[in-house]
Every structure is written in C-alpha cells, then in structure tokens.
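# Overview (structure and organization)
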Amino acid sequence: KMSVNSNQVITKLISLGVMANINQEIDHDTASIIAEEFGFIVVKHEDEVASEETNEQEMLDFEDKEEDLIERSPVVTVMGHVDHGKTSLLDAIRETKVTEREAGGITQHVGASTVKVNDKRIVFLDTPGHEAFTAMRARGAQVTDVAILVVAADDGVMPQTIEAINHAKAANVPIIVAINKIDKPEANPDRIKQEITEHGLVPEDWGGDTICVPVSALKKQGIDELLEMILLVAEMEELKANPNRRAKGTIIEAELDKGKGPVATVIVQKGTLKVGDAVVTGTAHGKVRAMIDDKGKRIKEAGPSTPVAILGLSEVPDAGEHLYVVESDKKAREIAENRKEKIRMEQLKTTQKVSLDDLFEQI
Ligand code: GTP
Ligand code: MG
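Please read these numbers as outputs of a predicted model, since none were measured by experiment. (Residues numbered from 1 in each chain as written. Chains lettered and ligands numbered in written order. Predicted model: local features only at pLDDT ≥ 70, side-chain atom pairs only at ≥ 80, totals over all residues. Heavy atoms only, no water.)

## Quick notes on the packing of aromatic side chains
Applying the stated criterion across every chain yields a total of 0 aromatic pairs. If you follow Lys 12 out to its NZ or CZ, it ends over the ring of Phe 38, 5.4 Å from the centre. One residue, Arg 245, lies across the ring of Phe 62, its end atom 3.9 Å from the ring centre. (Phe/Tyr/Trp six-rings, centres within 6.5 Å; stacked < 30°, edge-to-face > 60°. Lys NZ or Arg CZ within 6 Å of the ring centre and 35° of its normal.)

Written out as structure tokens, the structure reads:
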C-alpha cells in the first residue's frame, strides 16, 4: 500500500535494530513506526481493535479455581415503593445492630453499610434501590445477592413495587418480602400476601417459596427475624469468592470531593483490594491512595463483599462500572486511554454520519 519494496522495509527495520526477514511478521507498533519513517500513518483495523478488547476483557475477567473459593458475606439491596419505609428499615437494622461505631473515624459517606449478625456479616446497599439496580443492570453489573422488597401493609403493592419485583426477577436475585408498618391499625398483611401472589411471589405459608417477614421499622419489630431470613437465603445461595487474587469490584456511587478529588464507593467482589493497587474503572485509572470503610475508618485491605470508598482515581467513574486491579499504573492508564480513544472514535463516527446525512439532504 505504501509502494515501498520489501528490501527498503527490511533495511529500515534493521537500521532500527530489528533483524527481520521477508517472511517475518511484525507487530502493530513496529509497523506503525516503520510506516511513519516512510511518511505514512497507520490506523488500526476495527476488527483488530475489537479482538484486542476481547483479549483485554479476558485478561481482566479471569475465573477462579473452585478450590480457591471461600464463603463471602451477602450483599443486600432494599427496594420498594416510595414511602414504604426502605430508609426507616435500614435505620432500624443499623440501630439494632450497629455496635462498633469507631470514635475519631473520618466521617465519610459510603453508600453501603455492614451489619454483624451473630458471627456473620451482611452488607446493605443504601443507594435508592431502583436507581442502583437500573444503573447497574444497564451496565450488566450485578452486585446484589438478595433483594428485600419493602411493602407497606397499609398501602399494598404499588407501581414501584412491581418494578422492583421485575428488576429482581430479571437479575435472578432471590426476593424476601418485608411487610412493613404492621404497627398501623389499618395494616393488613394478608392483603399484601394476596397482592404479591398476583405478581408471582407466593408466600411460604401459602405453599409458595417466597419468604415474608412482617416488620415495623418504626417500632423495630421483626428486625431480627428479617436478618435471620437474609442469612438463611444467603446460605442457600452458597456465596463464595477467592480473596487471594487481584481485586475486581463494582462502583456503587462516585463523586468529586473538593479536597480529596474523585471519591468512589466500590464493593469488592473478588480478590482483595489494597492501598497502593493500580486500578482501572471505565475511563478512570489510578493508584488507590486511601480506603475508608463504612464506619469511616481508614483501612489498608478490603476482601470480597466489602464496601469501601477509595481515593486516587483520575476522574469520577460511573455507578455500575467494574473496577479491576491491574499489574501496574502504566497498564491501568493504557487501558483507560484505550477506552477513551474508543469512545472518541465512536463519537467521531456518529458526527461524521450526521454531517454526511445533512449533506445528502441538502443535495
Ligand atoms: P423513599 O426513600 O422516599 O422512597 O421512602 P422510603 O421507602 O425510604 O420510606 P421512609 O423510610 O422515608 O418512610 C416513609 C414514611 O413512613 C416515614 O414518615 C416513616 O416514618 C414512615 N414509616 C416507615 N416505617 C414505618 C413503620 O414501620 N410504621 C409506621 N407507622 N410508619 C413507618
Ligand atoms: Mg428512602
């Protein structure tokens, strides 16, 4: 294509220290340099870019051996209709169970909380149930192991209740129904059971397999039973992860802090995230400068099913992005730059297409 004969190419290669012969393949980077020497610019073929991406994803998403997996804590999302008591329920759980509030810790909002029940841990995601699910599912990310569907006993199944049921079903996540506000005189748990049955959630005491727990977030009734049920369901899920590998996690939320720069809450899903690790998430990269747990305490390591706020990213990532630890800062930057480049190319393509269409219209 360059109209240069092979001898010239070989001579150039040799002058650059590559002892090539005519039957030898050279890599893309070398080819680019040589082409530039002849005054050409090399652009990667789309297929080539695509196959490199696949390789990259395979490298990041490696599977673990069965024998390396050990039990991990469940990650629970609370969902339900507006005002049915999601936040109150989480507060009630925290108040009943939060014992170790570290004095002198750095107050830092982490969109998740960890609760200890007996010797087990449960991680609750505070993010408004729906938004978290929608944003994450849009990115194909799944962080929830169990969904708690809060239905107010004085109000019943409402549009967002149905939406929540559909989200959880689509994500194949087991649902536990918390029938809330049972302290209210007009509360009618049987009506709720009837209504959820119409949406495919048949209560256990009606012969189905949906666990229903009557609770009052206000009066803190039924909270221990609910927690027990969560652990029971989680146990049946046999949740496991390998803590001894490079970490992989998912961004739950992120924001730009004036003093600290980008702060992202990550739920670690595989491996152990450590301060100093090189990470890439979406088009953001960086070295983990500090990690803060849900109690506001600085920590050095976070294993599977641990929510942590991390500092040190180059930009604010989107919720639902996967976060990967890679071998070096250089690699993290390279992957992030590649992704940015791809987004730029996509944008360029659409703008070019639009302007061409405009042009034809004018003709
Ligand atoms: P959104 O975040 O707006 O969707 O609402 P939510 O589902 O988080 O509900 P929230 O916890 O804010 O509670 C809504 C209202 O219901 C508040 O006024 C609570 O005090 C009240 N409430 C929540 N739980 C109970 C309960 O068990 N009994 C009674 N009587 N009231 C409750
Ligand atoms: Mg709320």
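## Looking at unusual backbone geometry
Although it is not a glycine, Asn 172 adopts a positive phi angle of roughly 60°. You can call Asn 172 exposed: its relative accessible area is 67%. Phi at Lys 220 is positive, roughly 55°, even though this residue is not glycine. Within the element layout of this structure, Lys 220 appears in the loop between strand S7 (211-214) and helix H8 (223-237). (Buried < 20%, exposed > 50% of the residue type's maximum accessible area, 1.4 Å probe, protein only. Helix = DSSP H or I, 4+ residues; strand = E, 2+ residues; numbered from the N terminus.)

## Description of the packing of helix H1 (residues 6-15) against helix H2 (residues 28-37)
Where H1 contacts H2, the axes come no closer than 10 Å and their chain directions differ by 110°. On the basis of the axis angle, H1 is roughly perpendicular to H2. Residues Val 9, Lys 12 and Leu 13 of H1 touch H2, and the partners they reach there are Thr 30, Ile 34 and Glu 37. Among the residues forming the contact of H1 with H2, the class breakdown is 3 nonpolar, 1 polar and 2 charged. (Axes fitted to C-alpha atoms, helices over the stretch in contact; angles between N-to-C directions. Parallel < 35°, antiparallel > 145°, perpendicular 65-115°, else oblique. Contact = heavy atoms within 4.5 Å. Nonpolar A, V, L, I, M, F, W, Y, C, P; charged D, E, K, R; others polar.)

## A closer look at the layout of surface pockets
Of the pockets and cavities examined, the second largest pocket occupies roughly 420 Å³. Lining the second largest pocket are 25 residues, with Arg 72, Lys 240, Ala 241, Gln 269 and Lys 270 positioned closest to its centre. Looking at the lining of the second largest pocket, the elements with two or more residues in it are strand S8 (240-241), strand S9 (248-257) and strand S10 (261-270). A per-class count over the lining of the second largest pocket returns 9 nonpolar, 8 polar and 8 charged. (1 Å grid on protein atoms, 1.4 Å probe; cavity = no way out; pocket = protein on both sides within 12 Å on 5 of 7 lines; lining within 4 Å. Points joined across faces, edges and corners; volume = space filled by probe spheres on them.)

## Section: the nonpolar core
Considering soluble globular proteins, one finds that nonpolar side chains tend to be buried as a cluster. By size, the foremost hydrophobic cluster in this structure holds 25 residues, and its most contacted members are Leu 89, Phe 124, Ile 148, Ile 176, Leu 226 and Ile 230. Listed by contribution, the elements that provide at least two residues to this core are strand S2 (75-80), helix H4 (86-97), strand S3 (112-117), strand S4 (120-125), strand S5 (146-152), strand S6 (175-180), S7 and H8. Among the elements that take part in this core, H8 stands out by supplying 6 residues, more than any other. Judged by nonpolar contacts, the second largest core, of 19 residues, contains Ala 147, Ala 171, Ile 175 and Cys 212. (Core = buried A, V, L, I, M, F, W, Y, C linked by side-chain atoms within 4.5 Å.)

## A short note on the site of ligand 1
Taken together, 15 residues form the shell around ligand 1, and within it Lys 86, Thr 87, Ser 88, Asp 183 and Ala 217 come nearest. Residue Ser 88 places a side-chain N or O atom 2.5 Å away from an oxygen atom belonging to ligand 1. At 2.7 Å from a nitrogen atom of ligand 1 is found a side-chain nitrogen or oxygen belonging to Asp 183. Among the elements that make up the shell around ligand 1, the one with the highest residue count is H4 (3 residues). Looking at side-chain class alone, the shell around ligand 1 contains 3 nonpolar, 7 polar and 5 charged residues. (Near = heavy atom within 4 Å. Polar contact = N/O pair within 3.5 Å; in protein donor to acceptor, adjacent residues only side chain to side chain.)

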